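Architecture at a glance
If you want the building blocks of each chain, they are given just below.
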Amino acid sequence: MVELYSFDDVGQGLDLALAQPERLAVTLGRHCGDYMTSFYTWTPSGFMVEYGWGGQSIDPATWQATERLEGPSLWGHERSWLPPEKREAARALRMKNAEEGVRRPVQVIEGNYHAMDGVCPWWGRVKGGKRD
């Protein structure tokens, strides 16, 4: 895994990877467990490497493990190397996430964002401690 400072670095890296489409192993997507937005590419040595941004930071002293039922990805991360039936099962989990409105907050490093004006009803509920 290579974690980057800027989300734009991921997009620009994806543009470079798409110049050789056979090298793209997993499309752009976001993981359920660590909130990482990333894609995977095949290295010249034949293994995959994840290239991403925005992974969740935890405090090991207070972290509580929980079971995730949403599947490996909130959205995206189509795995080209999986057999068709497993690709469809993964897609079904992602579609269920979309239908249920599963969202996670974006993780950013201090100074690497600009708060926009406006109100997001979902985020307001999350900040208020109410989850759907």
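Up top you'll find the structure we're talking about.
Conventions we followed
- Residues numbered from 1 in each chain as written.
- Predicted model: local features only at pLDDT ≥ 70, side-chain atom pairs only at ≥ 80, totals over all residues.
- Heavy atoms only, no water.
- Pairing = 2+ DSSP bridges.
- Helix = DSSP H or I, 4+ residues; strand = E, 2+ residues; numbered from the N terminus.
- Axes fitted to C-alpha atoms, helices over the stretch in contact; angles between N-to-C directions.
- Expected span 1.5 Å × (residues − 1).
- Contact = heavy atoms within 4.5 Å.
- Salt bridge = Lys/Arg side-chain N within 4 Å of Asp/Glu carboxyl O.
- Buried < 20%, exposed > 50% of the residue type's maximum accessible area, 1.4 Å probe, protein only.

1. Some remarks on the sheet that holds strand β3 (residues 37-42)
The five strands lie next to each other as β1-β4-β3-β2-β5, forming an open sheet whose pairing is mixed. Edge positions in the sheet fall to β1 (2-4) and β5 (73-76), since each has one partner strand and no second. This sheet shows a mean twist of 25 degrees between the axes of neighbouring strands, independent of strand direction. Pairing geometry for strand β2 (residues 24-31) and β5, over three bridges, is antiparallel. Looking across to β5, one finds that H31 is bridged to S73.

2. Details of helix α2 (residues 84-100)
With 17 residues, α2 should cover 24 Å at 1.5 Å per step; its first-to-last C-alpha distance of 24 Å lies within 8% of that length. As for α2, its buried residues are in contact with β5. Immediately downstream of α2, the backbone of G101 shows phi near 70 degrees, a positive value.

3. Quick notes on the pattern of salt bridges
Per the counting criterion, the structure on display carries five salt bridges. Note that E78 and R94 form a salt bridge whose closest N and O atoms lie 2.7 Å from each other. You can see E78 sitting in the loop between β5 and α2 and its partner R94 sitting in helix α2, a full 16 residues away along the chain. The residue K96 makes a salt bridge to E100 at a minimum N-O spacing of 3.3 Å. Here K96 pairs with E100, and both are found in helix α2, just four residues apart, close to one helical turn. Taking relative accessible area as the criterion, K96 reaches 41% and is therefore assigned partly exposed.

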